[in-house]
Amino acid sequence: MVLKHHPPILFVHGNGDTAALWHTTIWRFESNGWPRAQLHAIDLPYPVARDEDHLDQPGRSSSEQHMRFLAAEVERVLEESGESRLVLVANSRGGYAVRNYIAHGGGAARVSHAILGGTPNHGVWAIPDYRPQSEFNGAGPFLRRLNSVGGSVEVTPGVAWLTLRSDDNDKYAQPHGDWIGHPGLPTHVLPSGPALKGATNLVLPGHDHREVSFSAAAFDHTWRFITGHAPTTVHVVDEMHISLNGKVSGLGVDNQTGSEPNNLPLAGAILEVYEVNPATGERLGPSVHRATVGPDGRWGPMKATTTQAFEFVIFATGYAITHLYRSPFARSSQLVNLRAERLPAAQPGMLACVMLTRPRGYFDLERDHCSLDGPHPHPDVPPGTAGVSVAVARIADKAHRAVVGEFNGERIVGRAWPLAGNHVVLLELHH
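Computed from a predicted structure; not experimentally measured.

On to the overall build of the protein chain. Summing up its helical and strand segments, the protein chain has six helices and 24 strands in all. By the compact-globule yardstick of 22 Å for 431 residues, the protein chain fits well, its C-alpha radius of gyration being 21 Å. Once the C-alpha set of the protein chain is aligned to its principal axes, its extents read approximately 65 × 50 × 40 Å. Burial status across the protein chain gives 58% buried among its 431 residues. Restricting to contacts in the protein chain with at least 6 residues of sequence separation, those with at least 24 account for 70%. Split by element, the accessible area of the protein chain, about 16,900 Å² in all, is 55% carbon and sulfur.

What follows is the structure in structure tokens.
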């Protein structure tokens, strides 16, 4: 069936993530004529799942809280658009909220299509006595209930369902527990775990856990499933006039897993933005934008061009001075979300810490060209299944110098701001 109009699409991020992960996907939809006003993404305030879904855990969310937040966002989007139904597109844990909302939250009457990328629909593990109440336990009550909703199928009738998964490169669809902190432990989960009986199930060979949602190939399949025809392009088309905006957030409570990321506004933080020389990372003059973050967390808007590379600097009480270097933006975005960081643990002789981060995928030694400050492959990237999205350059020779990060043709250059001055540096990739 070929779609005749452009319904609203609501994108749902995964565990610990933010709405910002969808901005390149939204660019691709816009590049094919989907109206910007019909493209939305949620920002779950506490995006990390509880260890045990039924027990309160500060700074984390339950499956019920996740579902209710999504339901409220659906109603807001439908009211604004005047439509009666929309499309939900989710990555990883976000697919749990989508399935739960459609099955148990009234969403079957509000959703036309549901696309789930890398959602561990049969668990990251299926072990009755290991975190038995976790959302991610395929033998636990949450997933057993979801997977029995359709009787002989595993999806709620009346909605068109698509799952996108890797062949064997998804860190959370592995037969062993290496990526859940238990090397060698049988998980009783297979690479086919994200597939659902009753859905259209597609395999994206070689793709990792995030790429099955955020890659060009994932977009291509998503577009075809929604519209019934191929997109004009899977590439991002540059926009003439660009406006950038987003939210500044931080980190929450400390527990055995460390500081939890959250998507709450970091009110009172100060953001400065500098245009930089893309070849050296050096600032080209005074700040081009400065803002004090208000209660909504927003830091913009800011005008830009497709040739400008930027350094975003966050000043916030209790955090390191956080420098984020970004490649030029091809199009406008309201999802340039920025997170303040804390200083890493000190190491002898380390003058500066520069991190290369890939929010929309992982690094793969067999597939990717990844280098940071020289080494290729970078020593922080282990062989085997793609599962690391951050590489760290521990600068020991000289602070304030240029540091180059490269990934499959995208190149970002930042400066090694010194740890002694309470600075931490991130080079954030678009792709």
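Moving on, there is more to tell.
Let us now look at the sheet that holds strand β23 (residues 410–415). Taken in spatial order, the three strands make up an open sheet running β20-β22-β23, and their pairing is antiparallel. The outermost strands of the open sheet, each flanked by one partner alone, are β20 (370–372) and β23. Sheet twist, expressed as the mean angle between neighbouring strand axes with direction ignored, is 15°. Across three bridges, the pairing between β20 and strand β22 (residues 402–407) is antiparallel. Paired with L372 across the two strands is G405, which belongs to β22.

In this section: the environment of Y172. Within the fold, Y172 resides in the loop between β5 (160–165) and β6 (176–177). For Y172, a relative accessible area of 25% corresponds to the partly exposed category. In sequence terms Y172 and G387 are 215 residues apart; their C-alpha atoms lie 8.9 Å from each other.

Bringing helix α1 (residues 23–31) into the picture now. Burial of α1 is extensive: nine of the nine residues sit out of reach of the surface. Restricting attention to buried positions, one finds in α1 the residues H23, T24, T25, I26, W27, R28, F29, E30 and S31. Where α1 is buried, its residues contact β1 (9–12), β2 (39–41), α5 (211–214), α6 (216–227) and β17 (321–326). Looking one or two residues past α1, G33 carries a phi angle of roughly 95°, positive in sign.

Reading the values: the criteria
Residues numbered from 1 in each chain as written. Predicted model: local features only at pLDDT ≥ 70, side-chain atom pairs only at ≥ 80, totals over all residues. Heavy atoms only, no water. Helix = DSSP H or I, 4+ residues; strand = E, 2+ residues; numbered from the N terminus. Rg over C-alpha atoms; globule rule 2.2 N^0.38 Å. Buried < 20%, exposed > 50% of the residue type's maximum accessible area, 1.4 Å probe, protein only. Contact = heavy atoms within 4.5 Å. Areas by Shrake-Rupley, 256 points an atom, 1.4 Å probe, with all protein chains shown as cover. Pairing = 2+ DSSP bridges. Axes fitted to C-alpha atoms, helices over the stretch in contact; angles between N-to-C directions.

By themselves, these figures tell us nothing about what the structure is for.
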